[in-house]
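Listed below, chain by chain, are the residues.
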Amino acid sequence: MALLVRRVVQLYAGLALYGLAIALQVSSSLGNDPWDVFHQGLTRRFGLSIGTWILIVGVLAMLLWIPLRQRPGVGTISNALLVGVFADVFLAVLPHPEGLPLRWTYLVVAILAGGFATGLYIGAGLGPGPRDGLMTGLVARGHSIRVVRTGIELSVLSVGWLLGGTIGVGTLLYAVAIGPLSHVFIPALAIKRPAPVTEPEPELEPVAS
């Protein structure tokens with residue numbers, strides 16, 4: 001029970017921190033990560049908040065799991081429903097960064113927090129995010145993980161840019177840094193389940209000849 005509580009707490013802490021990371025990077029105006037270029041572009045073209053579009057796109061991504069035969073976990077559903085909410089809350093309360101030094105501070109903290117948050121919610125072991133599951137579902141059908149991830153992120157980045165999302169140095173830094181950060185934080189924060197206890201085999205009595 002204690003292990004389950006720890007996993008749930010870690011999951012929701014990770015989702016909240018991920019929402020904060022999105023808000024910081026968007027507020028820096030130095031370039032969003034590819035998915036948030038897309039979300040921001042949708043906001044600028046069609047209205048609604050960035051967080052609302054994060055939620056809508058997350059749910060649509062989960063629907064694409066059906067033909068890929070992926071099964072969502074509680075972490076997947078929580079990610080789809082809550083990351084956008086947290087992002088909107090933090091965008092509403094964060095002070096607008098005045099001046100380049102503060103904007104760069106926002107950006108660097110955002111990328112580090114995003115990597116740490118990824119380790120938290122994936123390490124909880126309660127299901128990947130909707131976008132992560134879309135990628136792993138395609139990979140499971142025999143495609144290269146590098147090709148799939150690059151293809152998806154370049155696609156949403158291109159569409160988001162055409163819709164008016166912000167691309168800049170932050171987009172490049174995120175692309176370069178998120179892989180190594182995830183490589184460090186995901187295994188470091190993974191909650192290992194205890195090995196099942198097996199009963200020792202009884203010793204056999206020697207048979208008299």
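Rules and cut-offs
- Residues numbered from 1 in each chain as written.
- Predicted model: local features only at pLDDT ≥ 70, side-chain atom pairs only at ≥ 80, totals over all residues.
- Heavy atoms only, no water.
- Axes fitted to C-alpha atoms, helices over the stretch in contact; angles between N-to-C directions.
- Helix = DSSP H or I, 4+ residues; strand = E, 2+ residues; numbered from the N terminus.
- Parallel < 35°, antiparallel > 145°, perpendicular 65-115°, else oblique.
- Left-handed = near helix turned anticlockwise from the far one by under 90°.
- Contact = heavy atoms within 4.5 Å.
- Nonpolar A, V, L, I, M, F, W, Y, C, P; charged D, E, K, R; others polar.
- Buried < 20%, exposed > 50% of the residue type's maximum accessible area, 1.4 Å probe, protein only.
- Core = buried A, V, L, I, M, F, W, Y, C linked by side-chain atoms within 4.5 Å.
- Expected span 1.5 Å × (residues − 1).
- Bend = angle between axes of the 7 residues up to and from the residue.

A. A look at the packing of helix 1 (residues 2-28) against helix 5 (residues 74-93). Between helix 1 and helix 5, the shortest axis-to-axis distance is 8 Å and the interhelical angle comes to 40 degrees. In terms of their interaxial angle, helix 1 and helix 5 are classed as oblique. With respect to the hand of their crossing, helix 1 and helix 5 are arranged in right-handed fashion. Along its contact with helix 1, which presents Leu-11, Tyr-12, Leu-15, Ala-16, Tyr-18, Gly-19, Leu-20, Ile-22, Ala-23, Val-26 and Ser-27, the element helix 5 presents Val-74, Gly-75, Ser-78, Asn-79, Leu-82, Val-83, Phe-86, Ala-87, Phe-90 and Leu-91. Residues of the contact of helix 1 with helix 5, tallied by class, amount to 16 nonpolar, five polar and no charged.

B. Highlighting the environment of Val-59. Position of Val-59 relative to the elements: it lies in helix 3 (residues 50-63). Note: C-alpha distance between Val-59 and His-183 (124 residues apart in sequence) is 26 Å.

C. Spotlight on unusual backbone geometry. One non-glycine residue, Ser-29, lies in the positive phi region at around 60 degrees. For Arg-69, which is not glycine, the phi dihedral falls at a positive 60 degrees. Residue position: Arg-69 is located in the loop between helix 4 (65-68) and helix 5. When its relative accessible area of 76% is taken as the criterion, Arg-69 is described as exposed.

D. The arrangement of the nonpolar core in detail. Ranked by size, the top nonpolar core spans 19 residues in total, and within it Leu-11, Tyr-18, Ile-22, Ile-54 and Val-83 carry the most contacts. Contributions of two or more residues to this core are made by helix 1, helix 3, helix 5, helix 6 (100-123) and helix 9 (169-189). Beyond its immediate chain neighbours, meaning those up to four positions away, Ile-54 contacts Ile-22, Asp-36, His-39, Val-83, Gly-84, Ala-87 and Arg-131. Core analysis: the second largest hydrophobic core is formed by 13 residues, Phe-38, Met-135, Ile-152 and Val-156 among them.

E. Region of the structure containing helix 5. A rise of 1.5 Å per residue sets the reference length of helix 5, with its 20 residues, at 28 Å; its end C-alpha atoms lie 28 Å apart and thus fit the reference within 8%. Maximal helix bending in helix 5 amounts to about 35 degrees, located at Leu-82. Gly-75, Thr-76, Ser-78, Asn-79, Ala-80, Val-83, Gly-84 and Ala-87 are the residues of helix 5 that are buried. Residues of helix 5 that are buried sit in contact with helix 1, helix 3, helix 4, helix 6 and helix 7 (130-140).

On their own, these measurements won't tell you what the molecule is for.
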